[in-house]
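Given next are the chains, with one letter for each unit.
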Amino acid sequence: MLEKEQIELIEKLTGNKLTKLAQQQLNDFIQIFKIYNSHTNLVSKNDEKNLFEKHIYDSLNLCLFLEKYKIKQNAKILDIGTGGGFPSIPISILYPDIQVYPLDSVAKKIGFVELVQKELRLDNLHPICKRVEEISDDYREYFDVVTSRAVASLNILLEYSIPYVKINGYFVAFKSKGADEELVCAQNALSVLKCKTADRIQYNLPSLEMYTRELVVIEKQESTSRIYPRKSGQAKKNPL
């Protein structure tokens with residue numbers, strides 16, 4: 001169950017009162033997550049102890065971007081490498097008018113997201129079980145926002161994400177230590193994929209880490225060449 005202090009943290013972050021429905025859905029999500037994680041490893045047992053701070057609250061910091069950039073009702077968000085549903089599920093709960101597409105190639109993880117979608121009746125959640133290089137061409141330049149908390153360097157994530165972002169849309173990467181170095185290494189990828197660094201939104205996790213985390217916001221300026229993303233894991237083997 002969410003504690004009073006946790007509810008207050010969410011309300012302070014979003015600037016809005018947390019509805020009873022959202023509270024109930026978050027509570028149900030936590031319960032389902034812990035049951036599923038007991039037999040299917042979504043996160044480590046140590047991470048589960050900090051589930052709210054390290055995963056739910058961290059995910060909800062995407063609100064800082066959504067509010068600042070006025071992401072509108074019926075916007076579409078693709079979440080690459082969603083894992084246990086982060087940030088997809090917390091965002092879909094707090095923003096029922098935004099369509100969220102969690103993507104992961106691991107069937108057991110998408111199976112969990114599908115279970116939560118059904119149990120919580122999250123009609124705005126649309127799970128996809130595929131590698132990012134293999135999703136339908138119908139999704140090219142389809143999303144207002146693409147995001148990822150996946151453990152990959154920024155130059156790799158850019159090739160995975162930018163082809164699916166609308167022109168003048170955004171890719172938002174969750175980063176912590178090392179973001180400066182990753183941005184330096186990503187300059188060629190930014191140039192090739194015709195996008196630019198638009199913003200860096202910093203935040204902290206409550207009582208958990210000493211260092212600042214951030215959302216690295218990349219704006220897409222022109223259409224992406226159809227050769228990207230390259231197939232068969234080439235983005236990881238030979239990054240731009």
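Described in the following lines is the structure provided in the data block. The model shown is predicted, which means the values in this text are computed figures rather than measured ones. Counting of residues starts from 1 at the beginning of each chain's written sequence and follows it residue by residue. At least 70 in pLDDT is required for a residue's local features to be given in this predicted model, at least 80 for side-chain atom pairs to be given and counted, and no such filter applies to totals for whole chains, interfaces and linings, which use all residues. Note that water and hydrogens are dropped before the side-chain values are worked out from all heavy atoms of the structure.

**Notes on the side chain of Arg149**
Rule in force here: Helix and strand assignments follow DSSP, with helices taken as H or I runs no shorter than four residues and strands as E runs no shorter than two, numbered in order from the N terminus. Polar contacts, as used here, are pairs of N or O atoms within 3.5 Å; protein pairs need one atom able to donate a hydrogen and one able to accept it. Residues neighboring in sequence count only if both atoms are side-chain atoms.
Residue position: Arg149 is located in the loop between β4 (143-148) and α8 (154-161). There is a polar contact of 3.0 Å between the side chain of Arg149 and the backbone oxygen of Lys54. Within polar-contact distance, the side chain of Arg149 engages the side chain of Asp58 at 2.9 Å.

**Re the nonpolar core**
As a rule of thumb, soluble globular proteins bury nonpolar side chains together. Condition: Here, nonpolar core refers to any group of buried Ala, Val, Leu, Ile, Met, Phe, Trp, Tyr and Cys residues whose side-chain atoms link them within 4.5 Å. We call a residue buried when its accessible area falls under 20% of the maximum for its residue type, exposed when it is over 50%, and partly exposed in between, using a 1.4 Å probe and counting protein chains only. Contacts were defined at the residue level, with two residues in contact if any of their heavy atoms lie within 4.5 Å.
Membership of the largest hydrophobic core comes to 49 residues, with the highest contact counts inside it found for Phe29, Ile56, Phe65, Leu66, Ile89, Leu94 and Phe112. Ranked by the residues each element gives to this core, the list is headed by helix α2 (residues 20-37), at seven residues. For Phe29, the contacting residues outside a window of four places in its chain are Ile56, Gly84, Phe86, Ile89, Pro90, Phe112, Val116 and Leu120. If you look at the next biggest cluster of nonpolar residues, it comprises 30 residues, including Leu103, Leu158, Ile162 and Ala186.

**What about the packing of aromatic side chains?**
Note the following rule: Within 6.5 Å between ring centres, the rings of Phe, Tyr and Trp (the latter by its six-membered ring) count as paired, and their orientation is classed by plane angle as stacked under 30 degrees, edge-to-face over 60, tilted in between. To sit over a ring, a charge needs its Lys NZ or Arg CZ within 6 Å of the ring centre and within 35 degrees of the ring normal.
Inspection of every chain in the model, using the stated rule, returns 16 aromatic pairs. Note on Phe65 and Tyr170: the rings are 5.6 Å apart at their centroids and 75 degrees apart in plane angle, and the pair reads as edge-to-face. Placement of Phe65 in helix α5 (residues 62-68) and of Tyr170 in strand β5 (residues 165-175) is noted, with a sequence separation of 105 residues between them. Take Phe65 and Tyr170: they sit in the same class, and that class is buried. Three or more aromatic residues joined by ring pairs form one cluster here, namely Phe29, Phe33, Tyr36, Phe86 and Phe112. A cation sits over an aromatic face here: Lys76 above Tyr142, 4.9 Å from the ring centre. When the ring centre of Phe174 is taken as origin, the NZ or CZ atom of Arg149, which lies over that ring, is 5.9 Å away.

**Here we look at the pairing of strand β7 (residues 213-220)**
Let me state the cut-off plainly: Strands were regarded as paired on the criterion that DSSP finds at least two bridges between them.
For β7, a buried count of eight out of eight residues is recorded, marking the element as mostly surrounded by other parts of the structure. Burial along β7 is two-sided: the face carrying Arg213, Leu215, Val217 and Glu219 and the face carrying Glu214, Val216, Ile218 and Lys220 are both buried. In terms of strand pairing, β5 meets β7 through six bridges, oriented antiparallel. Each bridged residue has a counterpart across the sheet, and for Val172 the counterpart in β7 is Val217. Pairing geometry for strand β6 (residues 195-203) and β7, over eight bridges, is antiparallel. Bridge assignment links Gln202 to a residue of β7, and that residue is Glu214.

**Concerning the layout of surface pockets**
Condition: In this analysis, the protein atoms alone were mapped onto a 1 Å grid. Cavities are point sets where a 1.4 Å probe fits without being able to get out; pockets are open sets with protein on both sides within 12 Å along at least five of seven lines; lining residues have an atom within 4 Å of a point. Grid points are joined across faces, edges and corners, and a volume is the space filled by probe spheres set on the points. Just so you know the grouping, Ala, Val, Leu, Ile, Met, Phe, Trp, Tyr, Cys and Pro go in nonpolar, Asp, Glu, Lys and Arg go in charged, and all remaining residues, Gly too, go in polar.
Its volume calculated, the largest pocket comes out at about 1000 Å³. Taken together, 38 residues form the lining of the largest pocket, with Gly81, Arg149, Ala150, Val151 and Ala152 sitting closest to its centre. Mapped by element, the contributors of at least two residues to the lining of the largest pocket are α4 (51-60), β2 (99-104), α8 and β5. Volume-wise, the second largest pocket comes out at about 310 Å³. As for the second largest pocket, its lining consists of 20 residues, of which Ala22, Ile93, Leu94, Tyr95 and Pro96 are closest to the centre. For the lining of the second largest pocket, the secondary structure elements donating two or more residues are α1 (4-14), α2 and α6 (88-94). For the lining of the second largest pocket, a count of residues per class yields nine nonpolar, six polar and five charged.

**Section: the packing of α2 against helix α7 (residues 107-120)**
Stated precisely, the cut-off is as follows: What counts as an axis is a line fitted to C-alpha atoms, over the stretch in contact for a helix, and the angles between N-to-C directions run from 0 to 180 degrees. A crossing counts as left-handed when the near helix is turned anticlockwise from the far one by less than a right angle, and as right-handed when that turn is clockwise.
In the contact formed by α2 and α7, the axes pass within 11 Å of each other and the chain directions differ by 145 degrees. The element α2 and its partner α7 pack so that their crossing is right-handed. For the pair formed by α2 and α7, the contact residues are Gln25, Asp28, Phe29, Ile32, Phe33 and Tyr36 on the first element and Lys108, Gly111, Phe112, Leu115, Val116, Glu119 and Leu120 on the second. Class assignment for the residues of the contact of α2 with α7 results in eight nonpolar, two polar and three charged.

**What about unusual backbone geometry?**
In this structure, Pro87 follows Phe86 across a cis peptide bond, with omega equal to 5 degrees. By the element assignment, Pro87 lies in the loop between β1 (76-80) and α6. Of note, the bond from Tyr228 into Pro229 is cis; its omega dihedral lies within 30 degrees of zero at -5 degrees. Mapping Pro229 onto the fold places it in the loop between β7 and α11 (234-237). A positive phi angle, close to 50 degrees, is found at Glu141, a residue other than glycine. Along the chain, Glu141 falls in the loop between β3 (128-129) and β4. Judged by its relative accessible area of 26%, Glu141 falls in the partly exposed class. Backbone geometry places Asn168, a non-glycine residue, at a positive phi of 75 degrees. Within the secondary structure layout, Asn168 lies in strand β5.

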